[in-house]
Amino acid sequence: MERRSPLLAYFAAALVGAVLVYIASAGLDPYILSIIAFIGINVILAVSLNITNGFTGLFSLGHPAFMTVGGYVTAILTLPAARKPHLLPDLPAWLAQMNWPFLPALVAGGLCAALVAAVVGFPVLRLRGHYLAVATLGLIFIIQGLATNLDGYTRGALGLNGLPELTNLWWVYGWMLLTLYVCWKLKHSSLGRTMLAIRENELAAACLGVKITRTRILSFALGAFFAGVAGGLWAHLVTLVTPTSFTFLFAFQLVVMVVLGGTGSITGAALIAAILTVATELLHPVEEAVGLYGSSQLLLAVAVLLVLIYRPKGLFGTAEPDLFAWIGKWQGRQQTHSGSKRQREV
Amino acid sequence: MSAGYILEQIANGIILGSMYALIAIGFSLIYGIVRLINFAHGDIVTIGAFAMLASVAAIDAPFPVAIVVVLAVGAGIGMLIERIAFRPMRGAPQVTGFIASLAVAIVIENLGIMTLTAQPRNFIVPAYLGEFVHLGSLQIRAIDLAIVVLAILLMTALALFVRFTKVGMAMRATAENYNVARLMGINIDRMIMLAFAIGSALAAAAGLMWGSKYSQISPLMGLIPGLKAFVAAVIGGVGSISGAMLGGYVLGLAEVLFVGLLPPEYSGYRNVFVFATLIVILLVMPNGLLGRSTEERA
């Protein structure tokens, strides 16, 4: 069989997705639409965290910190100039006069997050394993503390509310496509292989002339960029951003998506992100009905423990299953399976 | 700024430091033996506080009896967690253990929220512990004095145990070299259990102290003290018990003095200060004050 061009397949899938988005935006009620948007944002987050944690093997918990940066930067930039003196009276004049369109504001949010990542990453990425995890966890609390205390820019613990409702399904879909595309390209590029090499054996990679520090920072900052954008999308979806919008618990959920999906697997991260978002959303009403708040979190955590014990490589490992081939194989197996079953029954 | 005020701040720093030190010991004990940063450790603090509340409410236990109950509950829960969650993944990459411990933390927190609701509860100590004691020019509450004394008692007991008993020696040997210790006939499983039991008992005691000092407890109360105690353990050198004690006091004093001596507008930056310290220490002195260098920090 002739090998399908991945790029062509990607554009075909993107087109199908766009049609679905069009139908969804026209026909579904706002609640369902917002859930779909959350799925998209979570896919962006999980897939971008996968660049840092999955490809390069830098175990970072810092995504909520970068989301906070992106969320605030985007919010401040898009806030109508008329509302700023009321909401943020102490904002410097040059910022107060600005009123950017959504796209440049999102990019600016992403870039600021990437900048923070690069600056912090320069010293912090010398740490490995759980030391890095704890340092990036500290970063969440540092950014949270700054967001609470720099009230001239952030309105303190109250946060910025009543943001313009700019995020819609098209924005989320567009950024999701971009994230997936960049990650896919990255994974199959020489830079991506460099990252994987660092993850597998740093010393060997260094011996082959890989510039370890530079690649690490690049991977950290790239992950942070998309986290910042996702933060901006999120803020303009719920029209609110506060210092505690993105917490350590959220970092855990994202790590869970990456780990369950299989570290380094884009498909896995995206799939699990979608499944978990829907599952939590479905469990919410159940939680309320039985009055057991926290039970969905509990189930999630127990699931993680079970996966870590029984399937430590996650759903897909590092691989990207070719979905078409996979379905074909599965069908084949189903047939032989039912065949053998019939024999046993006889 | 009067000398009395500074003295009072130092006293507060020592009280806070005592609690950090107790929790930090657990991090170091467990890390020293299984190379696991047990993130659920902070939640043992919560369990300790609630065990105290339960023992006072249910059996109307006098304070000293309740302390023993809290220690026992902490030790039991610690061993249970080790058995259920961490033993099955022993030998897996370190990050796996770390994620598992995050999952355990979330299980404990949500079990707490489900059964006790997230609402904070009042934590009442006997009246005689609420009275003020005069130490020279310093005037502190009896409960604060009791916290420091109890912490020092527990830490001394641990130090003596590790230094002079046969089991303590076996524990040190296991921390020194896991595989050689096994060859020498030391029961590794039992040593790991013991590390979890002792560490968790001390964390539970810290929970009881935290509740008594701040008189409010909730299922999520353990998160921040747990994280900060980890910072303390890093300051002292993760894996070193005496380092954890020292780190606890250094961090407690530094935090209180940061808030107490700087102008009030900076006091909101308390957590920023603590975690920035963590990052700086990891970078400048990755082995902490008393830790030894290990070849691999991966």
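Residues numbered from 1 in each chain as written. Chains lettered and ligands numbered in written order. Predicted model: local features only at pLDDT ≥ 70, side-chain atom pairs only at ≥ 80, totals over all residues. Heavy atoms only, no water.

1. Let's talk about the overall build of chain A
Let me state the cut-off plainly: Note on conventions: DSSP H or I runs of at least 4 residues are helices, E runs of at least 2 residues are strands, and numbering of each starts at the N terminus. Only protein chains enter the accessibility calculation, which uses a 1.4 Å probe. A residue is then buried if its area is under 20% of the maximum for its type, exposed if over 50%, and partly exposed in between. Contacts are assigned to residue pairs that have any heavy atoms within 4.5 Å of one another. The protein chains shown are the only cover counted for residues, whose accessible areas, like all others here, come from Shrake-Rupley with a 1.4 Å probe.
When its secondary structure is counted, chain A shows 16 helices and two strands. Buried positions account for 51% of the 346 residues belonging to chain A. In chain A, of all internal contacts separated by at least 6 residues, the share reaching a separation of at least 24 is 81%. Approximately 16,200 Å² of chain A is accessible, and the part contributed by carbon and sulfur atoms is 68%.

2. Some remarks on the overall build of chain B
Put simply, the rule reads: Our radius of gyration is a C-alpha quantity, and the globule rule it is checked against amounts to 2.2 Å times the number of residues to the power 0.38. His residues and chain termini do not enter the charge count, which takes Lys and Arg as positive and Asp and Glu as negative. The atoms used to mark charge sites are NZ of Lys, CZ of Arg, CG of Asp and CD of Glu.
Of regular secondary structure, chain B possesses twelve helices and four strands. Taking 298 residues into account, the globule formula puts the C-alpha radius of gyration at 19 Å, and chain B, at 19 Å, falls close to it. With the principal axes as the frame, chain B shows a C-alpha extent of 55 × 50 × 40 Å. Relative to its 298 residues, chain B shows a buried fraction of 53%. Taking contacts inside chain B between residues at least 6 apart in sequence as the whole, the part at least 24 apart equals 75%. Carbon together with sulfur atoms contributes 67% to the accessible area of chain B, which is approximately 12,600 Å² in total. Taking the 16 positively charged and 13 negatively charged side chains of chain B as two groups, their mean positions are separated by 10 Å.

3. A short note on the interface of chain B and chain A
Put simply, the test is: Here the quantity called buried area is the accessible surface, traced with a 1.4 Å probe, that two parts lose on coming together, added over both. We define a salt bridge as a contact between a side-chain nitrogen of Lys or Arg and a carboxyl oxygen of Asp or Glu at a distance within 4 Å. Two N or O atoms form a polar contact when they lie within 3.5 Å of each other; inside protein one atom must be a possible hydrogen donor and the other a possible acceptor, and for residues adjacent in sequence the pair counts only when both atoms belong to side chains. Classification convention: Asp, Glu, Lys, Arg as charged; Ala, Val, Leu, Ile, Met, Phe, Trp, Tyr, Cys, Pro as nonpolar; all other residues, Gly among them, as polar.
On the chain A side, the residues contacting the 39 residues of chain B number 38 residues. In total, chain B and chain A occlude about 3,700 Å² of area from one another, counting both sides; carbon and sulfur atoms represent 83% of this. Between chain B and chain A we count zero salt bridges in total. At the junction of chain B with chain A, the criterion picks out one residue pair in polar contact (both at pLDDT 80 or more). Looking at the side of chain B that touches chain A, the elements that each hand over two or more residues are α3 (63-86), α4 (94-116), α10 (223-236) and α12 (270-284) of chain B. Per-element tally for the side of chain B that touches chain A: the top contributor is α4(B), with 15 residues. Per-class residue counts for the side of chain B that touches chain A are 33 nonpolar, four polar and two charged.

4. Topic: the UniProt feature "transmembrane region" (unreviewed entry) in chain B
Residues and elements named next belong to chain B. Formally: UniProt positions are given in the numbering used here, feature names are shortened, and annotations may be inferred rather than shown by experiment.
According to UniProt, the positions carrying the feature "transmembrane region" (unreviewed entry) are residues 14-34, 41-59, 65-86, 98-118, 138-162, 191-210, 230-260 and 272-290. Helix and strand shares over residues 14-34 are 100% and 0% respectively, and the end C-alpha atoms of the span are 30 Å apart. Helix makes up 90% of residues 98-118 and strand 0%, whereas the separation of the span's terminal C-alpha atoms amounts to 25 Å.

5. Structural notes on the nonpolar core
In globular proteins that are soluble, nonpolar side chains generally tend to be buried together. Heads up, the condition is: Take the buried Ala, Val, Leu, Ile, Met, Phe, Trp, Tyr and Cys residues and link them wherever side-chain atoms come within 4.5 Å; each set so joined is a nonpolar core.
Within the largest apolar cluster, 209 residues are counted, with the highest numbers of intra-cluster contacts made by A:Leu61, A:Leu160, B:Leu22 and B:Phe98. Aside from chain neighbours lying at most four places away, what touches B:Leu22 is B:Ala151, B:Leu154, B:Met155, B:Leu202, B:Ala203, B:Ala205, B:Ala206 and B:Met209.

6. Concerning the pairing of strand β3 (residues 138-141) of chain B
Residue and element names in this part refer to chain B. Put simply, the test is: Strands are treated as partners if at least two bridges between them are detected by DSSP.
Across the two faces of β3 the burial differs, with Leu-138 and Ile-140 buried and Gln-139 and Arg-141 not buried at all. Summarising the sheet, strand β2 (residues 132-135) and β3 pair through four bridges and their orientation is antiparallel. Within β3, the position partnered with Leu-135 by the bridge is Leu-138. A loop of two residues connects β2 with β3, the two strands running antiparallel in sequence, and Gly-136 in this loop sits at a positive phi of about 60°.

7. Describing the packing of helix α1 (residues 3-34) of chain B against helix α11 (residues 241-261) of chain B
Defined as follows: Between the N-to-C directions of two axes lies an angle of 0 to 180 degrees, each axis being a line fitted to C-alpha atoms and, for a helix, fitted only over the stretch in contact. Here is the rule for handedness: rotate from the far helix to the near one, and if that takes an anticlockwise turn smaller than a right angle the crossing is left-handed, while a clockwise turn gives right-handed.
With their axes 6 Å apart at the nearest point, α1(B) and α11(B) run at an angle of 145° to one another. When the axes of α1(B) and α11(B) are compared, the crossing they make is right-handed.

8. Concerning empty space enclosed by the protein
Residues and elements named next belong to chain B. Let me state the cut-off plainly: Each cavity reported here is a set of points on a 1 Å grid over the protein atoms alone in which a 1.4 Å probe fits but cannot get out, each pocket an open set with protein on both sides within 12 Å along at least five of seven lines, and each lining residue one with an atom within 4 Å of a point. Grid points are joined across faces, edges and corners, and a volume is the space filled by probe spheres set on the points.
According to the stated counting rule, one finds one cavity of 30 Å³ or more in the structure shown. Here the largest cavity is characterised by a volume of approximately 80 Å³. Phe-27, Phe-39, Gly-42, Asp-43, Glu-109, Gly-222, Leu-223, Gly-226, Leu-227 and Phe-230 together form the lining of the largest cavity. Elements with a contribution of two residues or more to the lining of the largest cavity: α2 (41-59) and α10. For the lining of the largest cavity, the leading source of residues is α10, giving four residues. In terms of residue class, the lining of the largest cavity is made up of five nonpolar, three polar and two charged.

9. Here's the deal with a nonpolar patch on the surface
Residues and elements named next belong to chain B. Worth spelling out the cut-off: Patch membership is restricted to residues that have no salt bridge and whose relative accessible area is over 30%. Joining uses 9 Å for like charges and 5 Å for the nonpolar side chains Val, Leu, Ile, Met, Phe, Trp and Tyr.
On the surface, a nonpolar cluster with roughly 560 Å² of combined accessible area is contributed by Leu-246, Val-250, Val-280, Val-284, Met-285, Leu-289 and Leu-290. Counting only elements with at least two residues in the nonpolar patch, the list comes to α11 and α12. Mapped onto the elements, Val-280 comes out in helix α12. Its relative accessible area of 47% is what places Val-280 among the partly exposed residues.

10. Let's talk about the pattern of salt bridges
Counted under the stated rule, the structure contains eight salt bridges over all chains. A:Glu200 is the partner of A:Arg199 in a salt bridge, and the nearest nitrogen-oxygen pair spans 3.0 Å. One network of salt bridges, in which partners are shared, links B:Glu82, B:Arg87, B:Arg90 and B:Asp189.

11. Points about the packing of helix α6 (residues 102-124) of chain A against helix α12 (residues 212-238) of chain A
Residues and elements named next belong to chain A. Stated formally: Oblique is the label for any angle not covered by the other classes, which are roughly parallel (under 35 degrees), roughly antiparallel (over 145) and roughly perpendicular (65 to 115).
Packing of α6 against α12 leaves a shortest axis separation of 7 Å and a crossing angle of 140°. Comparing the axis directions of α6 and α12 gives the class oblique. Where α6 crosses over α12, the handedness of that crossing is right-handed. In contact with Phe-102, Leu-106, Val-107, Gly-109, Gly-110, Leu-111, Ala-113, Ala-114, Ala-117, Ala-118, Gly-121 and Phe-122 of α6, α12 contributes Ile-217, Phe-220, Ala-221, Ala-224, Phe-225, Gly-228, Val-229, Gly-232, Leu-233 and His-236. Within the contact of α6 with α12, the residues separate by chemical class into 16 nonpolar, six polar and no charged.

12. With respect to the environment of B:Ser200
Residues and elements named next belong to chain B. Residue position: Ser-200 is located in helix α9 (residues 188-214). Looking at Ser-200, the relative accessible area reads 1%, which means it is buried. When the C-alpha atoms of Ser-200 and Gly-48 are compared, they prove to be 8.9 Å apart, with 152 residues separating the residues in sequence. Setting aside its immediate chain neighbours within four residues, Ser-200 contacts His-41, Ile-44, Gly-74, Ala-75 and Gly-78.

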